[in-house]
Amino acid sequence: MAALRVARGLFRSCRGVQSVDYDARALFLGARRPVCTSSSDDSADGVRKAQFADAEVQEILTRITGLDLERVFKPIKRELKPPKYKLMTDAQLEEAVLRAREQAGKLLKMPLVVPERQPIDDVLAEDTILEGMDTAKHVFTDITFSTPHRERFIVVREPSGMLRKATWEERDRLIQVYFPKEGRKLTAPPIFNEENLKVMFRQDRHEEVLNHCLVQFEPDSADFKKVHTLAFEHLEQEAKYEVLRSTRFFGPLVWYLVTRRRVDGLLTDMLQRDRLQDALSLVRLFNLVHPQSDCALQAVQQQATGLDLLKIFADCESQKSGFIKLALQTYEHSGTDIVLTAPQSKPGISAQHLQTTHGELGIPDYRSF
Amino acid sequence: KVHLQITASLLLKKYHGGHVVIRMALGGATNRPFYRIVAAYNKRSRDGKCIEQLGSYDPLPNIYNEKLVGFNYDRIKYWMGCGAHPTKPVAKLLGLKLLTLKIQMYFQITICFIGSW
């Protein structure tokens, strides 16, 4: 019948057309490529450099980030409700703390650090016969619900008759039009202008800005990278690492510094706050990311652990080697018992604290408060 | 009765001699048209009850000088396979070669993604 003839005609006319193919899995394929730009002798030597997404790297970064419950569950501005009080036994309290830790772990999940996306400039067809048909562009979006946003077809027909793939900015905007995400605006809000960002950084509100940036932009877009770079540079200059200490952005901050070999400030800050474990993890991470550097090679040669690692790092790489060596000497001479395997005690409620305030029977002793 | 209407094969048509079309239903406001691309029975009113909405078309350009067209190609393929006829403006947007000979030398606005079958 006529309908079948139409369908067959469609088949025939469309077989010659090439299927639109995007480099759709660029997000995760790109993460395999090396992130750091400092040294170029990576693939030539055959030594595989550590990437952000590696299990070991992630483990080190989560350990360095720390888990300060007070900080993670800081009161956020919300609808005003009367507070809830609960009466718990010791065991229930410990359980609640454990659950809170797990929840904090989830909240501290690090946002992806992926290489910046390459601009799309692919022309599908040049139909000059259509030139001058219209003064405006036509943008065709595929709104099939089940396709992932990265694989969605979005093409633009220019007034000149050219049919091209949409650029990344156009893609983001149109996907927000047809599949709106909560909190994301169509155009970037003015907080992400340079001057306004500086104002926010002066007020130490880096975490707010970075959370907003995470919602607004895609992880591999230029704007996302720019905001993060500005935030991290500001923190590095002012040496205010504590601002992001127990937040989800500490990992990316550490990664940013390590890939650019500017670890000194962070290391000295850690030593000043007596975080020896974190300092060791940091040096280990540095060796993982730059396996060809002097520090890493010497460490492998001498099979160094503990304070020796820090000494080697101070000798080879750092510019503030004097301070680091002084700090190490104080550790050695004061004879502090540094347990190198167990993690440092985190601030917050611990079993010891509970025992001192709650007596042997487990009943709270109000006289001790 | 609802499921009988949804499976729109030509044997189970609701209207006598009617067929399914893919056409534009007008909405919006005064001096501000907005079309929904819709699969509906031929005899139904233009803006009335449709079988399924397959997309939208905004004829007025936005601040970036773009006319936004959204197509649910998956479902359009299904309805075309069921034997729905697109109207001329929809066919223009979809980029199908028009059926009647005299208009066949007319324009093609976009390549047919149905070719990715």
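The structure displayed is predicted, hence computed values, not measured ones. (Residues numbered from 1 in each chain as written. Chains lettered and ligands numbered in written order. Predicted model: local features only at pLDDT ≥ 70, side-chain atom pairs only at ≥ 80, totals over all residues. Heavy atoms only, no water.)

Student: Describe the overall build of chain A, with residues and values.
Tutor: Scanning chain A from N- to C-terminus turns up 16 helices and four strands. Burial status across chain A gives 40% buried among its 369 residues. Considering only intrachain contacts with a sequence separation of at least 6, the fraction spanning at least 24 residues in chain A is 65%. Accessible surface, chain A: about 22,200 Å² in total, of which carbon and sulfur atoms supply 54%. (Helix = DSSP H or I, 4+ residues; strand = E, 2+ residues; numbered from the N terminus. Buried < 20%, exposed > 50% of the residue type's maximum accessible area, 1.4 Å probe, protein only. Contact = heavy atoms within 4.5 Å. Areas by Shrake-Rupley, 256 points an atom, 1.4 Å probe, with all protein chains shown as cover.)

Student: Can you explain the environment of cysteine 316 of chain A? Please cite residues and give values.
Tutor: Residue and element names in this part refer to chain A. With respect to the helices and strands, cysteine 316 occurs in helix 14 (residues 307–316). Separated by 21 residues in sequence, cysteine 316 and cysteine 295 place their C-alpha atoms 5.6 Å apart. Apart from the residues lying within four places of it in its own chain, the contact partners of cysteine 316 are Asp294, Cys295 and Gln298.

Student: Go over the side chain of aspartate 58 of chain B with me, naming the residues and quoting the values.
Tutor: Residues and elements named next belong to chain B. Here aspartate 58 shows up in the loop between strand 3 (52–57) and strand 4 (66–71). With relative accessibility at 11%, the residue aspartate 58 sits in the buried group. Here the side chain of aspartate 58 touches leucine 60 through a polar contact of 3.3 Å, landing on its backbone nitrogen. Apart from the residues within four sequence positions on either side, aspartate 58 is in contact with Arg32, Pro33, Phe34, Lys67 and Leu68. (Polar contact = N/O pair within 3.5 Å; in protein donor to acceptor, adjacent residues only side chain to side chain.)

Student: Tell me about the packing of helix 7 (residues 194–202) of chain A against helix 8 (residues 206–216) of chain A, and please be specific about residues and values.
Tutor: Two quantities define a packed helix pair, namely the angle between the helix axes and the distance between the axes. Residue and element names in this part refer to chain A. Contact pair helix 7 / helix 8: the axes reach a minimum separation of 8 Å and the direction vectors enclose 135°. Here helix 7 lies oblique to helix 8, going by the angle between them. On the side of helix 7, the interface is formed by Leu197, Met200 and Phe201, while helix 8 contributes His206, Glu208 and Val209. (Axes fitted to C-alpha atoms, helices over the stretch in contact; angles between N-to-C directions. Parallel < 35°, antiparallel > 145°, perpendicular 65-115°, else oblique.)

Student: Quick rundown of the environment of lysine 225 of chain A? Include the residues and the values.
Tutor: Residue and element names in this part refer to chain A. Its place among the elements puts lysine 225 in helix 9 (residues 222–238). Spatially, the C-alpha atoms of lysine 225 and glutamate 116 are 7.5 Å apart, while their sequence positions differ by 109 residues. Every residue in contact with lysine 225, bar those within four places of it in the chain, is listed here: Val114, Pro115, Glu116 and Pro219. From its side chain, lysine 225 meets the backbone oxygen of valine 114 in a polar contact 2.5 Å long.

Student: Please set out the sheet that holds strand 1 (residues 20–29) of chain B residue by residue, giving values where relevant.
Tutor: The nine strands lie next to each other as 1(A)-4(A)-3(A)-2(A)-4(B)-3(B)-2(B)-1(B)-5(B), forming an open sheet whose pairing is mixed. Two strands bound the open sheet, and with one partner strand each, they are strand 1 (123–126) of chain A together with strand 5 (85–86) of chain B. Of the pairings in the sheet, the one linking strand 2 (residues 32–41) of chain B to strand 3 of chain B comprises five bridges and is antiparallel in character. For alanine 39 of chain B, the partnering residue across the bridge sits in strand 3 of chain B and is glutamate 52 of chain B. Running over the sheet, helix 6 (residues 168–178) of chain A touches strand 2 (137–142), strand 3 (154–157) and strand 4 (162–165) of chain A together with strand 3 and strand 4 of chain B and is turned about 60° from strand 4 of chain B. (Pairing = 2+ DSSP bridges.)

Student: I'd like a rundown of the environment of lysine 49 of chain B, residues and numbers included.
Tutor: Residue and element names in this part refer to chain B. Residue position: lysine 49 is located in the loop between strand 2 and strand 3. The exposed category is assigned to lysine 49, whose relative accessible area is 55%. Measuring from C-alpha to C-alpha, the distance between lysine 49 and alanine 39 comes to 9.8 Å, with 10 residues separating the pair along the chain.

Student: Can you tell me about the nonpolar core, naming the residues and giving the values?
Tutor: Among the nonpolar cores identified, the biggest contains 57 residues, and Val254 and Leu282 of chain A are the most heavily contacted of them. Among the elements that take part in this core, helix 12 (residues 276–289) of chain A stands out by supplying eight residues, more than any other. A domain-level breakdown of this core finds at least three residues from each of domain 1 (2–107) and domain 3 (266–369) of chain A. Membership of the second largest hydrophobic core comes to 24 residues, among which are Phe71, Tyr73, Leu94 and Leu96 of chain B. (Core = buried A, V, L, I, M, F, W, Y, C linked by side-chain atoms within 4.5 Å. Domains from an automatic or database assignment.)

Student: Break down the packing of aromatic side chains for me, with residues and values.
Tutor: Here the structure, examined in full by the defined rule, presents nine aromatic pairs over all chains. Note on phenylalanine 232 of chain A and tyrosine 256 of chain A: the rings are 5.4 Å apart at their centroids and 55° apart in plane angle, and the pair reads as tilted. In this pair, phenylalanine 232 of chain A sits in helix 9 while tyrosine 256 of chain A sits in helix 10 (residues 250–259), placing the two residues 24 residues apart along the sequence. Here the aromatic rings of tyrosine 78 of chain B and tryptophan 79 of chain B are separated by 5.1 Å at their centres, their planes lie at 75°, and the arrangement is edge-to-face. Of the aromatic side chains, those joined through ring pairs into one cluster are Phe140 of chain A together with Phe71 and Tyr73 of chain B. The lysine or arginine in question, arginine 173 of chain A, covers the ring of tyrosine 64 of chain B, its NZ or CZ lying 3.7 Å from the ring centre. Sitting over the face of the ring of tyrosine 78 of chain B, arginine 75 of chain B holds its NZ or CZ atom 4.5 Å from the ring centroid. (Phe/Tyr/Trp six-rings, centres within 6.5 Å; stacked < 30°, edge-to-face > 60°. Lys NZ or Arg CZ within 6 Å of the ring centre and 35° of its normal.)

Student: Describe the pattern of salt bridges, listing the residues and the values that go with them.
Tutor: Residue and element names in this part refer to chain A. Evaluation of the coordinates by the stated rule reveals 25 salt bridges over all chains. Among the ionic pairs, glutamate 95 bridges to arginine 99, the shortest N-O distance being 3.6 Å. Taken together, the residues glutamate 95 and arginine 99, both in helix 5 (residues 90–107) and four residues apart, mark about one turn of the helix. Judged by its relative accessible area of 51%, arginine 99 is exposed. Between arginine 245 and aspartate 269 there is a salt bridge, and its shortest N-O distance comes to 3.7 Å. Residue arginine 245 is found in the loop between helix 9 and helix 10, and its partner aspartate 269 is found in helix 11 (residues 264–272); the two are separated by 24 residues along the sequence. (Salt bridge = Lys/Arg side-chain N within 4 Å of Asp/Glu carboxyl O.)

Student: Account for helix 9 of chain A, naming residues and giving values.
Tutor: Residues and elements named next belong to chain A. An ideal rise of 1.5 Å per residue puts 24 Å on 17 residues; helix 9 measures up with 24 Å between its terminal C-alpha atoms. Those residues of helix 9 that sit buried are Phe224, Val227, His228, Ala231, Phe232, His234, Leu235 and Glu236. Looking at the packing, one finds that the buried side of helix 9 touches helix 7, helix 8 and helix 10. Among the residues trailing helix 9, alanine 239 stands out with phi positive, at a value near 60°. (Expected span 1.5 Å × (residues − 1).)

Student: Describe the pairing of strand 4 of chain B, naming the residues involved and giving the relevant values.
Tutor: The element strand 4 of chain B is extensively covered by neighbouring structure, given that six of its six residues are classed as buried. Both faces of strand 4 of chain B are covered, namely the face carrying Glu66, Leu68 and Gly70 of chain B and the face carrying Lys67, Val69 and Phe71 of chain B. Of the strand pairs in this sheet, strand 2 of chain A and strand 4 of chain B are connected by six bridges, and their pairing is parallel. By the bridge assignment, valine 139 of chain A is partnered in strand 4 of chain B with leucine 68 of chain B. Sheet topology note: the strand 3 of chain B/strand 4 of chain B ladder contains three bridges and is antiparallel. Within strand 4 of chain B, the residue paired with serine 56 of chain B across the bridge is glycine 70 of chain B.

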